Amino acid sequence: MKRIIITGASSGIGKEIALELADETSQFFLVARNMDRLEQVKMEIESKGSSAFIGVGDVSDEHQTKTLFSQAIAEMNGIDLLVANAGVGYFGNLEEMEISKYDDQFNTNVRGVFLWLREAIPVMRKQNSGQIIVTSSNLGLKTSPRASIYSATKHAVQAMVSSLRDELKGTMIKAATINPGSVSTPWFDGRDVDRSKMLTAKDVARAARLIVEQEETSNIDHILIMPGL
Ligand SMILES: NC(=O)c1ccc[n+]([C@@H]2O[C@H](COP(=O)([O-])OP(=O)(O)OC[C@H]3O[C@@H](n4cnc5c(N)ncnc54)[C@H](OP(=O)(O)O)[C@@H]3O)[C@@H](O)[C@H]2O)c1
């Protein structure tokens, strides 16, 4: 894969996928809100021989998404891989969930994925090629107490990608989700949890590599990946 857009590339899983796929042949357009952290990731990628552009913005903002996506296509002259990864999670019993946290989760995890897919698909259709990876969760496939709204966003994304796969039948465009259990990333910073038995971001990045490197004869639907310890 040569021309790669990753949302949520400033931290955790998105950053690790960028590092995993970085080599002399690949170009990146890295999206998130925090410019300093994006600059840091850009430097790390460039040290592996890739070129990288950064796009600072909120994935749930339609105008910003359109502007950033156009910039990415202008810089890279197309797109081979979109990793729609930016996401947030707030946990607690349903009756305790503040409306602002409900909105933030649906806006980032569902609307943010929709907006980026909606930009990428027409370009991929024109090329008749491309791979989409959406970072969902094991909670996109099952539910858990204290995760009702987060899990609802990931189920929504799961349904979105599943329908999209049907819409893409007969084309050379593929779409997959990665569904990890708990992953030790900055996501858990400041939370009182034991991270010692969690997946690593590298585990998830390797799953992304598997999708990217699949043969033309294969179309991975989703990869459910749970901690091994
Ligand atoms: N960690 C886990 O246990 C786990 C498990 C399963 C699935 N996931 C999923 O994996 C994805 C990445 O999570 P992570 O663990 O890597 O968390 P993380 O380290 O907190 O990274 C989240 C990324 O999303 C970006 N982001 C958040 N809201 C954004 C917005 N509105 N616009 C643009 N960028 C935004 C953040 O960048 P800025 O703050 O700079 O904008 C950051 O780059 C999420 O979709 C999450 O649901 C995580």
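Everything discussed here concerns the structure shown above.
We now turn to the structure provided with this report. (Residues numbered from 1 in each chain as written. Predicted model: local features only at pLDDT ≥ 70, side-chain atom pairs only at ≥ 80, totals over all residues.)

Where helix H1 (residues 12-21) contacts helix H2 (residues 35-46), the two axes come as close as 9 Å, and the packing angle between them is 20 degrees. One way to sum up the angle between H1 and H2 is to call them roughly parallel. In the crossing of H1 with H2, the sense of the turn from one axis to the other is right-handed. Judged by residue contacts, Lys15, Ala18 and Leu19 of H1 engage Val41, Glu44 and Ile45 from H2. Each residue belonging to the contact of H1 with H2 can be placed in one class, and the counts come to four nonpolar, no polar and two charged. (Axes fitted to C-alpha atoms, helices over the stretch in contact; angles between N-to-C directions. Helix = DSSP H or I, 4+ residues; strand = E, 2+ residues; numbered from the N terminus. Parallel < 35°, antiparallel > 145°, perpendicular 65-115°, else oblique. Left-handed = near helix turned anticlockwise from the far one by under 90°. Contact = placed C-beta atoms within 7 Å. Nonpolar A, V, L, I, M, F, W, Y, C, P; charged D, E, K, R; others polar.)

If you check the shell around the ligand, you find 30 residues, and the closest are Gly8, Gly12, Arg33, Asn34 and Gly87. Counting only elements with at least two residues in the shell around the ligand, the list comes to H1 and helix H4 (99-127). Of the residues forming the shell around the ligand, the biggest block, three residues, is contributed by H1. Residue classes in the shell around the ligand are distributed as 10 nonpolar, 17 polar and three charged. (Near = placed C-beta within 6 Å.)

All right, on to the nonpolar core then. Membership of the largest hydrophobic core comes to 53 residues, with the highest contact counts inside it found for Ile6, Ala18, Leu30, Val31, Leu82, Val204 and Ala208. With seven residues, helix H6 (residues 201-212) is the single largest residue contributor to this core. Non-local contacts of Val204, meaning those with residues more than four positions away in its chain, are made with Ile13, Glu16, Ile178, Pro180, Val183, Leu199 and Ile225. (Core = buried A, V, L, I, M, F, W, Y, C linked by C-beta atoms within 7 Å. Buried ≥ 20, exposed ≤ 12 C-beta atoms within 10 Å, placed from the backbone.)

As a further point, take the packing of helix H3 (residues 62-76) against H4. Direction vectors running N to C along H3 and H4 enclose 35 degrees, while the axes themselves pass 9 Å from each other. Read as a crossing pair, H3 and H4 show a hand that is right-handed. Only Leu115, Trp116, Glu119 and Val123 of H4 make contact with H3, whose side of the interface consists of Glu62, Thr65, Lys66, Phe69 and Ile73.

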